[in-house]
Amino acid sequence: MSLRAASLSKSYGTGLLSSGKCIFRRISLEISPGKTFGLMGPSGEGKSTLGRVIAGLEKPTAGTVYYKGSPLSGMKKTDYTAFRRRVQIMFQDPADAFNPAKKIGYSVSEVLTLLRVPKIKQASKTEEMLISTGLPEEVLSRYPSQLSGGQLQRLALGRILLLDPEYIVLDEPTSALDVSVQARILHMLKIVQAERNIGYLLISHDKAVIRFMSDSYGELENGQLKIID
Amino acid sequence: MKVKTSAVKTLLEVRDLEVSFQGVKTVTALSGVSFSIGESETLALVGETGCGKSVVAHVIMRLLPPESRVKGTVELGGKTLLELSEKEMAKIRGREIAIIFQNPSLALNPVYSIGHQLAEPLRVHRKEGKKEALLKAVSTLKNMGFANVGECINYYPSWCSGGMNQRFLIAASTVLSPLLLIADEPSKGLDRKCVAELEVELKKLKVERKTALLLISHDLGFVRRLADRIAVMYAGEIVEISDSSSLFESPLHPYTRGLLNSLPEKGFIPIPGFSPPLSSPPSGCKFHPRCPFREKRCTEKHPELKEIGRMSVRCFLCP
Amino acid sequence: MKEACAERGPEKQLIQLETPGLSLPRERSFRSFQKQENFLGKFNQGGILLLAFFLFMALFPSLLAPYAPDERFIPYEAPSREHILGTNDIGNDILSELVYGARISMTVGFAAALISTLIGTILGLCAGYFRGALDELLMGFTDVVLIIPKIPLIIVLGAFLRPSIWVLIPVLGFMSWESTARVTRSKTLQLREAGYVKSALCMGFSPSHIMVSDIFPNIVHILLPKFMLATASAMISEASLSFLGLSDISMKSWGSMLSFAFFRGGFIREMWWWYLPPGICITLCVMAIALIGFGLETKGEKYAGEGADKA
């Protein structure tokens, strides 16, 4: 019942004339529910790309991603809808996670409408989310530009949790935040994982963060993954 | 209130600085900030985003927006900076005080080459010719330890990594050998390797060029190895000033203790609660809603900065 | 607990030219050089006023025109107290014709611009969002349309179809969407890499929802000025075509007035009160629209500077 990557490779710019630039080659890893796999490595090496491939946002040049045993490419529509809901991704830049032209309340209610939650129940679900992320009600009437990085990152997590995911790819979730806010976000992530048994793929360049959060981790260097632990 | 430094001559003195911004509501960004930096000394200003540390840098450089109201004094080597005319201030910027901001790729102009931008301060302030200025820029880069300087001169900022750009920025800011360099969150957004390189660069400035440094950061760990003294800011006030080893071994203010606990080495323990909005600060001690040791007097009276030996603390509970 | 948005003010790096303030001795404030902004603002306001006047002329012509446009008097009369701009070759009062002509000219202008902006936006959004084969196809199609010359096409069409504004408006609309499409496409390409678009994809929103709800609101500020400028350009094209005689005879626009003035002896008889006013009206109306479009463009740049660039 895990999210598994088998022999993933990704290159850009392959064509008749050039072999293109290889980002990573034959990467295999597995994320189990309730556990965290840490992906380490220097910036720009392709960790984010690997995260996006596993989350299904990009297609690999070779290899397959398996969700609940079935491969992603060629999945039936119903299976794919389930995958799309249960596997989510959280990005590094908190200000980028929300549409700057929409109020937070609207962004959240959009998701609830997508989930077919009836309008009557939307208010209570939104309140639940605010309580679990520890945010005051007035953030709903704010625009993203009026909130701090820490608040936005918590809101992003709250919004993802509305979908009740099984796996979350965390792409450098705290790199853009203060050290003191980082501590709070990491703790929140741990609590949420314990409560809901979510599997995390944690991508970070910070060894200390990886060691604190992960059950096992690997280092992506020169396109190859070295699994440690 | 004056904070005594040791026998080093004082270069920059800030006294009772108060900054507020007019708008729909008047926001007091800084209240009663006082500190001093000696020649060749490195003072770090540490605090969360929004506590006002960048405002301090902007006040010293006189870069505040028009809605700001400033009270207090800022003296650089005897000159009162806040009373100078814009023309005189422009002469001081770059030559006596230099500043580098976070996000180096944005601070460098993308359409000019690195060489051009490095030579610019020389052309503007010292009125040197194009060729001499460029040669000086080349020699500065060589001194910084860049390998292929001839190529680097013709690079554009978008071709280089963030770390390299930050080093170029430091080179551009220090080419005129300023007395004081203000670094506003220089390590934000850089990964560990770049931060290490940045540290080396700043250390070289300290030791070889004897530049005084005002280091502004949210990261206590980064600041630890570079700073001689550390000032901790919270909600627009300085809550503790101490020399760096004492701060890490025996922090006095509860907020400082909380900040140290959120470091990776101590286990990422967060401080409960949130930093207060500057438009409506809590009564009494501004930290009291989040303080595990608060007493009744903390909610009623506002503590002053007390001097204890060579350290200063703003807390009722610290003897 | 509120995070004051003014907190973000000091964090931005604003470097403005300052002059030392002249307030109280201990409190200092620094003014900044804002003259440049007000300068543009005055032009923008002028444009809005002028356009409002023309709109009023178009919507309530009976309030401004002294007579009905088809009422006949003595033809070829010079300006007098009863006919401020004289009469044309059939005897219609020129001032009334002018006022009623505003309606036609502006309708053609705005309608054609609406069609062109709509088509351009939809094509640009789809091309930019889906990329790949669809993008190539749509942009290739755009290039083909770019090559087709507008006015000769209308002349040819005019030979086969009865000239009427219901032919003119679609043709003008269908021939001028290329630049809107290209601008929309490039902005969409940029916006689709933003975190919130990728998050929306991840959460399972459909592409049409993302395009309408996430990308479109962030490009509106570019589309508005383009719409205004398309109106101006359509009005000029309409005037040229009317002058060539390809307009609806039953609906007299300013361009038709010019055409009649030319072909019915107004120029020869030096009846400046016949051919100058419509020309001036066209110029002023187009200028007003262009000023507003220009003002919107610069305001849009300021607003969009922070958001989309942080991708």
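Rules and cut-offs
- Residues numbered from 1 in each chain as written.
- Chains lettered and ligands numbered in written order.
- Predicted model: local features only at pLDDT ≥ 70, side-chain atom pairs only at ≥ 80, totals over all residues.
- Helix = DSSP H or I, 4+ residues; strand = E, 2+ residues; numbered from the N terminus.
- Buried ≥ 20, exposed ≤ 12 C-beta atoms within 10 Å, placed from the backbone.
- Rg over C-alpha atoms; globule rule 2.2 N^0.38 Å.
- pLDDT = per-residue confidence, 0-100.
- Contact = placed C-beta atoms within 7 Å.
- Arc of directions from axis to C-beta.
- Nonpolar A, V, L, I, M, F, W, Y, C, P; charged D, E, K, R; others polar.
- Core = buried A, V, L, I, M, F, W, Y, C linked by C-beta atoms within 7 Å.
- Pairing = 2+ DSSP bridges.
- Axes fitted to C-alpha atoms, helices over the stretch in contact; angles between N-to-C directions.
- Parallel < 35°, antiparallel > 145°, perpendicular 65-115°, else oblique.
- Left-handed = near helix turned anticlockwise from the far one by under 90°.

1. Points about the overall build of chain C
And step 1. Scanning chain C from terminus to terminus reveals 13 helices and 2 strands.
And step 2. Counting over 311 residues, chain C shows a buried share of 42%.

2. Concerning the overall build of chain B
And step 1. Each helix and strand counted, chain B has 12 helices and 12 strands in total.
And step 2. In terms of overall dimensions, chain B is globule-like: its C-alpha atoms have a radius of gyration of 20 Å, near the 20 Å expected for 319 residues.
And step 3. Principal-axis analysis of the C-alpha atoms gives chain B an extent of 65 × 45 × 45 Å.
And step 4. Put simply, chain B has 319 residues, and 47% of those count as buried.

3. Comments concerning unusual backbone geometry
And step 1. Although it is not a glycine, R116 of chain A sits at a positive phi angle of roughly 60°.
And step 2. Looking at the secondary structure, you find R116 of chain A in the loop between α3 (104-114) and α4 (119-133).

4. Overview of the confidence of the model for chain C
Residues and elements named next belong to chain C.
And step 1. Considering every residue of chain C, the mean pLDDT works out to 78; 82% of them sit at 70 or more.
And step 2. For chain C, per-element mean pLDDT is lowest for strand β1 (residues 18-20), which scores 30, and highest for helix α8 (residues 178-191), which scores 92.
And step 3. Confidence drops under pLDDT 50 across residues 303-311; counting only partners more than four residues distant or on other chains, this segment forms 13 contacts.
And step 4. Scored by ipTM, the complex comes to 0.85, with pTM at 0.76.

5. A closer look at α3 of chain A
And step 1. Inspection of α3 of chain A places I104, S107, V108, V111 and L112 of chain A among the buried residues, and these make up the whole buried set. The arc enclosing the buried residues of α3 of chain A, seen along the axis, measures out at 140°, which places them on a common side.
And step 2. Lining the buried residues of α3 of chain A we find α4 and α5 (149-162) of chain A together with α9 (195-203) of chain C.
And step 3. R116 of chain A sits one or two residues past α3 of chain A and shows a positive phi near 60°.

6. Examining the interface of chain C and chain A
And step 1. Opposite the 20 residues of chain C that make contact, chain A presents 25 residues.
And step 2. When residues of the side of chain C that touches chain A are assigned to their parent elements, the largest contribution, 7 residues, is made by α9 of chain C.
And step 3. Of the residues belonging to the side of chain C that touches chain A, the class tally is 10 nonpolar, 5 polar and 5 charged.

7. Here's the deal with the nonpolar core
In summary, soluble globular proteins display a tendency toward joint burial of nonpolar side chains.
And step 1. One finds L39, I54 and L201 of chain A to be the most contacted residues of the largest nonpolar core, which totals 133 residues.
And step 2. A per-element tally of this core places helix α4 (residues 94-130) of chain C first, with 18 residues.
And step 3. When residues no more than four places from it in sequence are discounted, the contact partners of I54 of chain A are L3, A5, V65, V169 and L201 of chain A.
And step 4. Grouped together as the second largest cluster of nonpolar side chains are 90 residues, V19, L43, L64 and V70 of chain B included.

8. What about the environment of C160 of chain B?
And step 1. Within the secondary structure, C160 of chain B is located in the loop between α6 (149-152) and α7 (162-174).
And step 2. As a C-alpha pair, C160 of chain B and C285 of chain B span 125 residues in sequence and 46 Å in three-dimensional space.

9. Some details on the environment of M235 of chain C
Residues and elements named next belong to chain C.
And step 1. Topologically, M235 is positioned in helix α11 (residues 220-243).
And step 2. As a C-alpha pair, M235 and M251 span 16 residues in sequence and 15 Å in three-dimensional space.
And step 3. Setting aside residues no more than four positions away along its own chain, M235 makes contact with S105, G109, I282, C285 and V286.

10. So, the sheet that holds strand β1 (residues 10-21) of chain B
Residues and elements named next belong to chain B.
And step 1. Here 4 strands make up an open sheet; going across it, the order is β2-β1-β4-β5 and the pairing antiparallel. Each edge of the open sheet is held by one strand with a lone partner, namely β2 (27-38) and β5 (79-80).
And step 2. Along the sheet, helix α1 (residues 53-61) contacts β1, β2 and β4 (68-76); its crossing angle with β2, the most-contacted strand, is approximately 70°.

11. Focus: the sheet that holds strand β3 (residues 36-40) of chain A
All names here are of chain A.
And step 1. Strand order across the open sheet formed by 6 strands is β6-β7-β8-β3-β9-β10, with mixed pairing between neighbours. A single partner strand is all that each edge strand has here, and the edge strands are β6 (87-90) and β10 (224-228). Strand-to-strand twist of the sheet, defined as the mean angle between neighbouring strand axes without regard to direction, takes the value 20°.
And step 2. Alignment of β3 against strand β8 (residues 199-204), held across 5 bridges, turns out to be parallel. Residue pairing for β8: G38 is matched across the bridge by L202.

12. Re the pairing of strand β10 (residues 237-243) of chain B
All names here are of chain B.
And step 1. Burial analysis of β10 places 6 of its 7 residues in the buried class, which makes it a mostly covered element.
And step 2. Bridge analysis of strand β9 (residues 229-234) against β10 gives 6 bridges, and the strand direction is antiparallel. Bridge pairing in β10 places Y234 opposite E237.
And step 3. Joining the antiparallel neighbours β9 and β10 is a turn of 2 residues, in which A235 adopts a positive phi near 50°.
And step 4. With 2 bridges joining them, β10 and strand β12 (residues 311-313) adopt antiparallel strand pairing. Its bridge partner lying in β12, I241 is registered against S312.

13. A closer look at the packing of α9 of chain C against helix α10 (residues 207-215) of chain C
All names here are of chain C.
And step 1. Interhelical geometry of α9 versus α10 gives an angle of 150° and a closest axis separation of 11 Å. Judged by the inter-axis angle, α9 sits roughly antiparallel to α10. For the pair α9 and α10, the crossing hand works out as right-handed. Between α9 and α10, the residues in contact are Y196, V197, A200 and L201 and I210, D214 and I215, respectively.
And step 2. Class assignment for the residues of the contact of α9 with α10 results in 6 nonpolar, no polar and 1 charged.

14. Some words on α9 of chain C
And step 1. Burial analysis of α9 of chain C places 8 of its 9 residues in the buried class, which makes it a mostly covered element.
And step 2. Among all positions of α9 of chain C, only G195, Y196, V197, K198, S199, A200, C202 and M203 of chain C are buried.
And step 3. Lining the buried residues of α9 of chain C we find β6 and α3 of chain A together with α8 and α10 of chain C.
And step 4. One or two residues past the end of α9 of chain C sits G204 of chain C, with phi positive at roughly 105°.

15. Quick notes on the packing of helix α4 (residues 114-125) of chain B against helix α5 (residues 130-144) of chain B
All names here are of chain B.
And step 1. Packing of α4 against α5 brings their axes to within 8 Å, and their N-to-C directions diverge by 115°. Here α4 and α5 pass one another in a crossing that is right-handed. Counting all contacts with α4, which are made through G115, L118, A119, L122 and R123, the residues of α5 involved are K130, A133, L134, K136, A137 and T140.

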